[in-house]
Every structure is written in C-alpha cells, then in structure tokens.
Amino acid sequence: MNVLLLGSGGREHALAWKLKQSKNLNSLFIAPGNAGTASLGQNVPMSATDFPKLKAFSLENKIDMVVVGPEDPLVQGVYDFFLADKELSHIAVIGPSKIGAKLEGSKDFAKEFMMRHNIPTAQYKSVTSSTIEEGCAFLDSLSAPYVLKADGLAAGKGVLIINDLSEAKENLRKMLDGMFGASSRTVVIEEFLSGIECSVFVLTDGKSYKILPVAKDYKRIGEGDTGLNTGGMGAISPVPFADETFMQTVENEIVIPTVEGLRKENITYKGFIFIGLIKVNGEPKVIEYNVRMGDPETEVVIPRLKSDLLELFSAVATETLHEKTLEIDPRCATTVMMVSGGYPEHYEKGKPISGIENVENSLVFHAGTSLKNGEIVSSGGRVLAVTSYGGTIEDALSTSYENMGKINFENVYYRRDIGFDLKNLRF
Ligand code: AMP
Ligand code: GLY
C-alpha cells in the first residue's frame, strides 16, 4: 500500500516508524514530516490542511490510504473531502468525518454528546454573550476553582482554571469578547474535578473498537507539574492507577457508550478516539475527547503495540476490525521530551542537534526538527522524544535519561521528574 501520513511531530514519527514495519507497506509519504520521518519515507513539503494539494499529490502518487495525525485537517473535514470526490473516494482516510471531529472541535458538542449517552463527565453549562447572566448564575452555584473552556480549538490554550469567583466572571466576559478569537464565542463552564488524569486511546471502525495501552502525559513545563501548560513533556504507559477494574469501568461506561453513540447518531468515525480521563474517587470521568492520538502519548502507546498497524488501519477502512486482535508488549514504555529553552513561551529554533547516533536501547522520535544542509536542527518547541522500554516505569525512565545525556543542543531543557507522582522518581 502507498500511505500518506499527515503531520510533523513526534506522534507522526512514531506512527511512521510503526507503519514502516508493515509487510503491506509499499511507499510512505509524510506531509510535511520532520528530520526523523525523512529516514522512514519521503517527506512532502505540503500543508496537511491544503486539501487541493493533498488531492493532486494522492492521485499522482497512487495513494491508497491517508493517515491523519493532527486534529486540524479532521476538524476542517479532510475525511469528507476525500469521500465526496469521485477521484479520491477509493482512498481510505483514517480519522473521523467532519461531524465526528466536532468531539474535539467543539467542547459544547462533546458535552451534549456525553449527556445524550450518559457518559460520566463534569457538570457544565454552555454560554454565549446573550446568556452571560445565566453563566454567572451557574458560576454562583459552583464552588471554586472555576473551569472556563473556549468551545473551539485554541491550540491547547483555551482552558482557564480560576480560584476567585469575580475573576472567573470577568474572564467569562473577556472570553466571550474574543480572548481566544472565534473559538471562545461560546464558553463551556465546568464543575472542577479533582483527581488524577490519564489518556485512553480507542481505535474504531465505527462498529467495533480496540482499546490501546493506557498512558499518562505530563503537561506542565516545570517539575512537580508546575508552570505553564505545554503540549506534553513526557509520558508513561501503562499507568499504575488505571488497573483492570478501573479499565473495565472505562470500557463499560465510556468506551462502549461513545462508540455506540456515534453509531446510533450515524456519525462516521474510522480512526482514533482519545479520551482524556480523570479518576475521581475511583471512578472515571471524561475531561475531554480528542479525535486523534495524543502527543507524546503516541511515543509510548505505539511502541507497545506489537500488531501490524497498517493491517489494523486496513481493517478500520473495511469495517472488519472485529476480526483483529491486539497484541501488546507487556513491557513498560516511557518517553521524555527534550525541548527548546524558553518553550512554551519564546524560544529559538535552528539549533544543531548532536549525539543522537550515540543513543543505545532507546528510540528517538523527532518532534520539532528539520534538515539544514544535511544537518539535524531544532525547528520547534518540543524537539525530541526519547522513548525506552523497561520491566518497570523506573527502569524505562532511567534508560531514557541515560541516553538523553548523550544528546545535546543549545539551551536544551527537559523535566527530570517524569513519573514523579507515581513513586517520587527523580533523575
Ligand atoms: P482540556 O483542554 O479540556 O483537556 O483541559 C485541559 C486541562 O485542564 C485538562 O487536562 C485538565 O488538567 C484541566 N481540566 C479541564 N477540565 C477540568 C475540570 N472540569 N476539572 C478539573 N480540571 C480540568
Ligand atoms: N498530550 C496531549 C495531547 O496530545 O493533546
């Protein structure tokens, strides 16, 4: 098969690494890709949201399958674009339809979906500028802290958690006035849930589903989970507190109603569902849905998948996923992100990266790199994800940290405490 993979981060490098191992793969193209994906397939300098270009390229290169990494093309309707075009409709697109992608593209849509299907989540109220008084009354009924979310995509920045009631009301007004542009014209106010979070990934063909290994990511820039939110500074899999009983509840109360709900509502969905969960008093509640794999979670989930990913994707396309079984590596996997100093605020790009060739027993997934005159240089905030296996989370982490000591670029930063909340680990 000829596969076009959309995206350019660590998630896409990990997906490319796995797809490359499939006996069914003929050519792999990655658009736009990074310096890591360049060694696994052919990078194509093309935006993942430039649909006319995707069309021309797919026809020219006899693409059989498009695997969509990030949410933007999905929310913009790449699935529907391929399906609606006679010349493209034979090409399998791995990802949800535009309406399915609203599970991530609109928090209000996701909340209403959860309500319709009795899926446990925080109490909420959606507010627009004409219902601001109701929003304030709802805030009055809650206790601190207060959670305000921009309805639409806001590059991971659209969630405010505020301790003071009057400050929360003021920020509600500001959000409705365009603090996050059009994405906060509707604001979802939520009850604050206190607990520990994890990420559950489901692959579905719209009829049946497979649950992938559970992971936990570390979102804050600073050690001890402090400071600004980032795309993710590291991840582990499995998650000790997501035990069998918990995962059985997740499957019964969340995964099944989600897949069934999509089916009952005739929402075409052939791809990944990422369920952001919080464990509150032992019970799972949904914090959010995403319609893609997580990053950096992919860099631990995919290495633990022994089954052929391309075969699974083909089964998704032909709605025969129920015939497949998932084979999972029992080992733990961890990944730690090496980022550009200053990230997630201002940082410099273009720094030459040295030492990757000295890494032993870890996988180095490129997140933000490019090739400049044959040399690997940084090109983003999150630069490399160093993934290792181990008998325990601790073993895997120590291999990652040992190898990270061999890699260098100017102003490199990483958290030395990934997994800290599990066992007070520090490296
Ligand atoms: P989201 O974009 O919905 O995932 O929210 C970003 C982060 O905000 C989540 O990963 C949580 O850590 C936090 N968060 C979101 N909603 C809630 C909530 N209702 N209660 C507590 N924390 C929340
Ligand atoms: N790691 C969280 C995300 O991909 O959104």
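Every chain begins its residue count from 1, and numbering advances along the sequence as written. Chains carry letters from A onward and ligands carry numbers from 1 onward, assigned in written order. Where local features are concerned, this predicted model is filtered to residues with pLDDT of at least 70; where side-chain atom pairs are given and counted, the filter is 80 or more; whole-chain, interface and lining totals use all residues. Derived side-chain values reflect all non-hydrogen atoms in the structure, with water molecules and hydrogen atoms excluded from consideration.

A.B. asks: How do you make sense of the site of ligand 1 when you look at a structure like this?
C.D. replies: We call a residue near a molecule or strand as soon as one heavy atom of that residue lies within 4 Å of the molecule or strand. The environment of ligand 1 is formed by 14 residues, the closest being E190, E191, L193, E197 and E288. A distance of 3.2 Å separates an oxygen atom of ligand 1 from a polar side-chain atom of K107. Polar contacts, as used here, are pairs of N or O atoms within 3.5 Å; protein pairs need one atom able to donate a hydrogen and one able to accept it. Residues neighboring in sequence count only if both atoms are side-chain atoms. Contacts to ligand 1 include K219, whose side-chain N or O atom sits 3.2 Å from an oxygen atom. Note that accessible areas follow from Shrake-Rupley with a 1.4 Å probe, and for residues the cover is restricted to the protein chains shown. Protein chains bury 86% of the 470 Å² of accessible surface belonging to ligand 1 in isolation.

A.B. asks: Which parts of the structure should I look at to understand the nonpolar core?
C.D. replies: Inside soluble globular proteins, nonpolar side chains tend to come together where they are buried. Here, nonpolar core means buried Ala, Val, Leu, Ile, Met, Phe, Trp, Tyr and Cys residues that are tied together by side-chain atoms lying within 4.5 Å of each other. Each residue gets one of three labels from its accessible area relative to the maximum for its type: buried under 20%, exposed over 50%, partly exposed in between, using a 1.4 Å probe on protein chains only. Formed by 49 residues in total, the largest nonpolar core has its most connected members in L4, V66, L103, I275, L277 and Y289. Think of it this way: any DSSP run of H or I at least four residues long counts as a helix, any run of E at least two long counts as a strand, and we number them from the N terminus. Examining the composition of this core, we find that 7 residues originate from one element, helix α9 (residues 244-264), more than from any other. Any pair of residues with heavy atoms lying within 4.5 Å of one another is described as a contacting pair. Contact partners of L103, with chain neighbours within four places excluded, come to F109, A110, F113, L262, Y269, Y289 and V291. Grouped together as the second largest cluster of nonpolar side chains are 33 residues, L19, I302, L309 and L312 included.

A.B. asks: Looking at this model, I keep getting lost on unusual backbone geometry. Mind explaining?
C.D. replies: Backbone geometry follows two general trends: most residues other than glycine have a negative phi, and most peptide bonds adopt the trans configuration. A144 connects to P145 through a cis peptide bond whose omega is -10°. The residue P145 is located in the loop between α7 (132-141) and β7 (146-150) in this model. Cis geometry marks the peptide bond from S237 to P238; its omega dihedral reads 0°. In this structure, D225 takes a positive phi of about 55° despite not being glycine. Of the residues examined, D225 reaches a relative accessible area of 29% and is grouped as partly exposed. The phi angle at N361 is positive, at roughly 65°, despite the residue not being glycine.

A.B. asks: Is there a simple way to explain the sheet that holds strand β8 (residues 159-162) in this structure?
C.D. replies: Each strand in a sheet pairs with its neighbour through backbone hydrogen bonds, running either in the same direction (parallel) or in the opposite one (antiparallel). Strand order in the open sheet formed by 4 strands is β6-β9-β7-β8, and the pairing between neighbours is antiparallel. Among the strands making up the open sheet, the edge pair consists of β6 (124-127) and β8. Strand-to-strand, the axes of this sheet are offset by a mean angle of 20°, without reference to chain direction. Strand pairing requires that DSSP identify at least two bridges connecting the strands. Where β6 lies against strand β9 (residues 187-190), 4 bridges are found, and the strand directions are antiparallel. Counterpart to S126 in the pairing with β9 is V188. This element, helix α6 (residues 107-116), spans β6, β7, β8 and β9 of the sheet and lies at about 140° to β6. Simply put, an axis is a line fit to the C-alpha atoms, just over the touching stretch for a helix, and the angle between two N-to-C directions goes from 0 to 180 degrees.

A.B. asks: Can you help me understand the packing of α7 against helix α8 (residues 165-176) in this one?
C.D. replies: Angle between the axes and distance between the axes are the two parameters that describe a pair of packed helices. Closest axis-to-axis distance for the α7/α8 pair is 10 Å, and the angle between their directions is 150°. Here α8 runs roughly antiparallel to α7, going by the angle between their axes. Considering only the axes of α7 and α8, their crossing is right-handed. Taken together, the residues of α8 that come into contact with α7 (itself represented by I132, E133, G135, C136, L139 and D140) are L165, A168, K169, L172, R173 and L176. Looking at the contact of α7 with α8, its residues break down into 7 nonpolar, 1 polar and 4 charged. Each angle is binned into one of four classes, with values under 35 degrees roughly parallel, values over 145 roughly antiparallel, values of 65 to 115 roughly perpendicular, and all other values oblique. In a left-handed crossing the near helix is turned counterclockwise from the far helix by less than a right angle, and in a right-handed crossing that turn is clockwise. Each residue receives one of three labels: charged for Asp, Glu, Lys and Arg, nonpolar for Ala, Val, Leu, Ile, Met, Phe, Trp, Tyr, Cys and Pro, and polar for the others, Gly being one of them.

A.B. asks: Would you take a moment to explain the site of ligand 2 for this structure?
C.D. replies: All residues in the neighbourhood of ligand 2 are listed as D217, G231, F274, R292, G294, D295, P296 and E297. Between ligand 2 and R292 there is a distance of 3.0 Å, counted from an oxygen atom to a side-chain nitrogen or oxygen. In the complex, the protein chains occlude 86% of the 200 Å² of accessible area that ligand 2 would expose alone. Per-class residue counts for the shell around ligand 2 are 2 nonpolar, 2 polar and 4 charged.

A.B. asks: Looking at this structure, I do not really get the pairing of strand β16 (residues 269-280). What am I missing?
C.D. replies: The side chains of a regular strand alternate between both faces of the sheet. Taking burial as the measure, the 12 residues of β16 include 12 buried ones, the bulk of the element. One ladder, built from 2 bridges, connects strand β5 (residues 92-96) with β16; its direction is antiparallel. Bridge pairing links P96 to Y269 in β16. Of the strand pairs in this sheet, strand β10 (residues 196-204) and β16 are connected by 9 bridges, and their pairing is antiparallel. Across the sheet, the residue bridging to I196 is K279, located in β16.

A.B. asks: Would you take a moment to explain the pairing of strand β20 (residues 369-372) for this structure?
C.D. replies: The pairing of β20 with strand β21 (residues 375-378) spans 4 bridges and is classified as antiparallel. The residue of β21 that forms the bridge with T369 is S378. Hairpin connection between β20 and β21: a loop of 2 residues separates the two successive antiparallel strands, and N373 in this loop has a positive phi of roughly 50°.

A.B. asks: Just checking my understanding: could you explain the environment of G350 for this structure?
C.D. replies: Structurally, G350 is set in the loop between β18 (332-340) and β19 (363-366). The exposure class assigned to G350 is partly exposed, which follows from its relative accessible area of 31%. Separated by 159 residues in the primary sequence, G350 and E191 have C-alpha atoms spaced 43 Å apart. In this view, G350 contacts V377 and S378; residues no more than four positions away in its chain are not counted.

A.B. asks: Hey, could you run me through the pattern of salt bridges in this one?
C.D. replies: Any two side chains of opposite charge can pair, so long as their charged atoms come close to each other. Between Lys or Arg on one side and Asp or Glu on the other, a salt bridge is scored when a side-chain nitrogen of the former is within 4 Å of a carboxyl oxygen of the latter. In total, this model carries 28 salt bridges according to the counting rule given. For the salt bridge of E265 with R116, the shortest nitrogen-to-oxygen distance reads 2.8 Å. You can see E265 sitting in the loop between α9 and β16 and its partner R116 sitting in helix α6, a full 149 residues away along the chain. Classification of R116 as partly exposed rests on a relative accessible area of 42%.

A.B. asks: Would you mind going over the packing of aromatic side chains with me for this structure?
C.D. replies: Two aromatic rings, taken as a pair, are described by how far apart their centres are and by the angle between their planes. Ring pairs are drawn from Phe, Tyr and Trp, using the six-membered ring of Trp, whenever the two centres fall within 6.5 Å, and their geometry is named by plane angle: stacked under 30 degrees, edge-to-face over 60, tilted for the rest. Using the criterion set out here, one finds 10 aromatic pairs in the structure. Between the aromatic rings of F81 and F82, the centroid separation amounts to 5.9 Å while the plane-to-plane angle is 70°, which identifies the pairing as edge-to-face. Through pairs of rings, three or more aromatic residues link up here, namely F51, F81 and F82. Seen from the ring of Y218, K216 lies directly overhead, with NZ or CZ sitting 4.9 Å from the centre. When the NZ atom of lysine or the CZ atom of arginine is within 6 Å of a ring's centre and also within 35 degrees of its normal, the charge is said to sit over that ring. A cation over an aromatic ring shows up here: R331 above the ring of Y389, its NZ or CZ 3.9 Å from the ring centre.

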